[in-house]
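Listed here are the chains, written in short residue letters.
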Amino acid sequence: MPGGIDPHTHLGMEFMGTETIDDFFSGQAAALAGGTTMHIDFVIPVDGSLTAGFEVYTEKAKRSCMDYGFHMAITKWDEVVARDMEVMVKEKGINSFKFFLAYKGSLMISDELLLQGFKKCKSLGALAMVHAENGDAVAEGQRRMIDLGITGPEGHALSRPPELEGEATSRAIRLAGFVNTPLYVVHVMSIDAMEEIAKAHKSGQKVVGEPVVSGLVLDDSWLWDNDFSTAAKYVMSPPIRKRGHDKALQAALSTKILQLVGTDHCTFNSTQKALGIDDFRKIPNGVNGIEERMHLIWDTMVESGQISVTDYVRITSTECAQIFNIYPKKGAVLAGSDADIIILNPNSSFEISARSHHSRSDTNVYEGRRGKGKVEVTIAGGKVVWEHDELNVVPGSGRYIEMPPFGHLFNGIDKVDAAYMSSLHAPVQRSRTAS
Ligand SMILES: NC(=O)NCCC(=O)O
Ligand SMILES: [Zn+2]
Ligand SMILES: [Zn+2]
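Going by the annotation in an unreviewed UniProt entry, the name recorded for the protein chain is dihydropyrimidinase, with Aquilegia coerulea given as the source organism. Under Sequence similarities (unreviewed entry), UniProt gives the following word-for-word description of the protein chain: "Belongs to the metallo-dependent hydrolases superfamily. Hydantoinase/dihydropyrimidinase family." Here the protein chain is described in UniProt, under the heading Catalytic activity (unreviewed entry), as follows: "5,6-dihydrouracil + H2O = 3-(carbamoylamino)propanoate + H(+)".

Right under this line is the structure:
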């Protein structure tokens, strides 16, 4: 089948006072060992500058051993940012921009900026993406926990409940509807957010929902573990939710309410996580998954009978290629497509451990998990890079994949706009006379 495409990763990302332990080379090597042959990473602007951010990430990605693309985060708004968005789309191969509604005081943006950003995305044919949590309410929830003396990792989950994810998802969907531009909701972690997406689909709105592996297969119980290091490794945002959300997200994936699976691979080792030993607000947010995604999704979704093999290919590869407008170069095994191919043996089994994984992290949130379905061979760009449990990767061999604007989600947007414009000239307007 076609190699996996991970739509959501953070390699070499500077975040919360530290930098992810996996860079482009180690993260990609891990990905290839798990059957993923392309990923799309988020460029974080430097002091709000998109061009400086793009340069920094181009440099970071130089040691790539796997193909990759870029999304770009928008963290402030002015004329320069608006112009640079155009440069990113027209000259740099970026066709998606992420807006953070959380991380108050660092990445978070206002609704006013969100609206400006949505309008600009629409005019450029670029997909708007949101991290949907209400950042003001999260800050309030965090203060509440600290005042109550709850400083451990469980405070992370308690301070940002699903309601805050549901509210921000609903707000982003409604504002994207107001602008009439397609929306991509990253890391959908709760029933609350998923139901907002389902509602939007019922009204015909183009909204993509991306669950991530951690949300699909884990629950929040580990955050209450007595051992700080164990609990802290599960801290990510939005938080991993209580049991029940995982199963509901799986069901939504199988019924196409949610469309594709990412990882949000953003790894910090136990020393880095210990930055928050006295205060959960300082624990760097993020979990692993780039190597485990293909295995865990096979086992959880196909082996359990919830989806077909064809759907597995769609949610791990093809859908991503289509949404980001690089199909059939990627996401397909066809004449003319890139030779990114995996052989997954459904009768073979996998076991996950930090002792044997390829990430640089000393922990793994899926430690001890076993299941059916193992990627035995990975071919990237026509070269066998994973076979007999051995990697054969070369730094610098990965290519930057440019992603053109106006993907299929933009089909028909102009017609909806035209219908809206003509509705403004309703009979009452035309017949009104001056008094
Ligand atoms: N998700 C997370 O906890 N870390 C990565 C940054 C983000 O995607 O919000
Ligand atoms: Zn996010
Ligand atoms: Zn992320």
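What is the right way to read the overall build of the protein chain from this model?
What the protein chain contains, in helices and strands, is 16 helices and 13 strands. If you line up the protein chain on its principal axes, its C-alpha atoms span 85 × 60 × 45 Å. In the protein chain, which comprises 435 residues, the share counted as buried stands at 60%. Taking the contacts inside the protein chain whose residues are at least 6 apart along the sequence as the reference set, 78% of them involve residues at least 24 apart. Total accessible area computed for the protein chain in this model is approximately 17,300 Å², and 52% of it derives from carbon and sulfur atoms. Put simply, the protein chain has 44 plus and 55 minus side-chain charges, and the middle of one group is 5 Å from the middle of the other.

I would appreciate a short explanation of the UniProt feature "modified residue: N6-carboxylysine" (unreviewed entry) in the protein chain in the present structure.
The feature "modified residue: N6-carboxylysine" (unreviewed entry), as given by UniProt, occupies Lys98 in the numbering adopted here. Note on placement: Lys98 falls in strand E6 (residues 96-100). For Lys98, a relative accessible area of 1% gives the class buried. Other than its neighbours up to four places away in sequence, Lys98 contacts His8, His10, Phe42, Met72, Ala73, Ile74, Met129, His131, Val186 and His187.

Honestly, the packing of aromatic side chains in this entry has me stumped. Any pointers?
In this description, an aromatic ring pair is defined by two values, namely the gap between the centres and the angle between the planes. Evaluated as defined, the whole model comprises 16 aromatic pairs. Taken together, a centroid distance of 5.7 Å and an interplanar angle of 55° make the contact between Phe100 and Tyr103 tilted. Look at Phe100 and you get buried, because its relative accessible area is 2%. Every member of this aromatic cluster is reached through a ring pair, and the members are Phe24, Phe54, Tyr57, Tyr68, Phe70 and Tyr400. Lying over the aromatic face of Tyr57, Lys60 brings its terminal NZ or CZ to 5.3 Å of the ring centre. Of note, Arg63 hangs over the ring of Phe25, and the distance from its end group to the ring centre comes to 5.0 Å.

What should I look at first to understand the site of ligand 1 in this one?
Not every one of the 14 residues close to ligand 1 is listed here, only the nearest: His10, Tyr103, His131, Ser237 and Asp264. Here an oxygen atom of ligand 1 and a side-chain polar atom of Lys98 are 3.1 Å apart. Here an oxygen atom of ligand 1 and a side-chain polar atom of Tyr103 are 2.7 Å apart. Relative to its unbound accessible surface of 260 Å², ligand 1 loses 100% to contact with the protein. Per-class residue counts for the shell around ligand 1 are 5 nonpolar, 7 polar and 2 charged.

Quick question: what am I supposed to make of the coordination of the zinc ion (ligand 2) here?
Reference values for angles at a metal are 109.5 degrees in the four-donor tetrahedral case and 90 or 180 degrees in the six-donor octahedral case. Here the zinc ion (ligand 2) is held by the protein donor atoms Lys98 (NZ), His131 (ND1) and His187 (NE2), which lie 2.1 to 2.5 Å from it. Between consecutive donor residues of the zinc ion (ligand 2), the sequence gaps follow K-x32-H-x55-H. In this structure, the zinc ion (ligand 2) is positioned 3.8 Å from the zinc ion (ligand 3). In this pair, Lys98 is assigned in strand E6 and His187 in the loop between strand E8 (183-185) and helix H8 (191-202), connecting sequence segments 89 residues apart. Take His187: its relative accessible area is 2%, and that puts it in the buried class.

Sorry if this is basic, but what is going on with the coordination of the zinc ion (ligand 3) here?
Protein coordination at the zinc ion (ligand 3): the donors are His8 (NE2), His10 (NE2) and Asp264 (OD), at 2.0 to 2.1 Å from the metal. With 4 donor atoms in place around the zinc ion (ligand 3) and angles of 88 to 138° between them, the coordination shape is irregular. In the primary sequence, the donor residues of the zinc ion (ligand 3) line up as H-x1-H-x253-D.

How do you make sense of the pairing of strand E7 (residues 127-131) when you look at a structure like this?
Across a regular strand the side chains alternate sides, sitting on one face of the sheet and then on the other. Of all the 5 residues making up E7, 5 are buried; the element is thus mostly covered by neighbouring parts of the structure. Of the two faces of E7, the one holding Leu127, Met129 and His131 and the one holding Ala128 and Val130 are both buried throughout. One crossover worth recording links E6 to the parallel E7 by way of helix H4 (residues 111-124), and it is right-handed. As judged from the 3 bridges shared by E7 and E8, these two strands associate in the parallel manner. Bridge pairing in E8 links Ala128 to Leu183.

Hey, could you run me through the sheet that holds strand E10 (residues 341-351) in this one?
Hydrogen bonding along the main chain pairs the strands of a sheet, whether they run parallel or antiparallel. If you walk across this open sheet you meet the 4 strands as E10-E11-E12-E13, and the pairing is antiparallel. This sheet does not close on itself; its edge strands, each paired only once, are E10 and strand E13 (390-391). The pairing of E10 with strand E11 (residues 370-380) spans 8 bridges and is antiparallel. Paired with Ile342 across the two strands is Thr378, which belongs to E11.

Thresholds, definitions, all that
Residues numbered from 1 in each chain as written. Chains lettered and ligands numbered in written order. Predicted model: local features only at pLDDT ≥ 70, side-chain atom pairs only at ≥ 80, totals over all residues. Heavy atoms only, no water. UniProt positions renumbered as here; feature names shortened; annotations may be inferred. Helix = DSSP H or I, 4+ residues; strand = E, 2+ residues; numbered from the N terminus. Buried < 20%, exposed > 50% of the residue type's maximum accessible area, 1.4 Å probe, protein only. Contact = heavy atoms within 4.5 Å. Areas by Shrake-Rupley, 256 points an atom, 1.4 Å probe, with all protein chains shown as cover. Lys, Arg positive; Asp, Glu negative; His and termini not counted. Charge placed at Lys NZ, Arg CZ, Asp CG, Glu CD. Phe/Tyr/Trp six-rings, centres within 6.5 Å; stacked < 30°, edge-to-face > 60°. Lys NZ or Arg CZ within 6 Å of the ring centre and 35° of its normal. Near = heavy atom within 4 Å. Polar contact = N/O pair within 3.5 Å; in protein donor to acceptor, adjacent residues only side chain to side chain. Nonpolar A, V, L, I, M, F, W, Y, C, P; charged D, E, K, R; others polar. Donors = N, O, S within 2.8 Å, 3.2 Å for Na, K, Ca; no water. Tetrahedral: all angles 85-135°; square planar, octahedral: opposite > 155°, others 65-115°. Right-handed = clockwise from strand over helix to strand, strands pointing away. Pairing = 2+ DSSP bridges.

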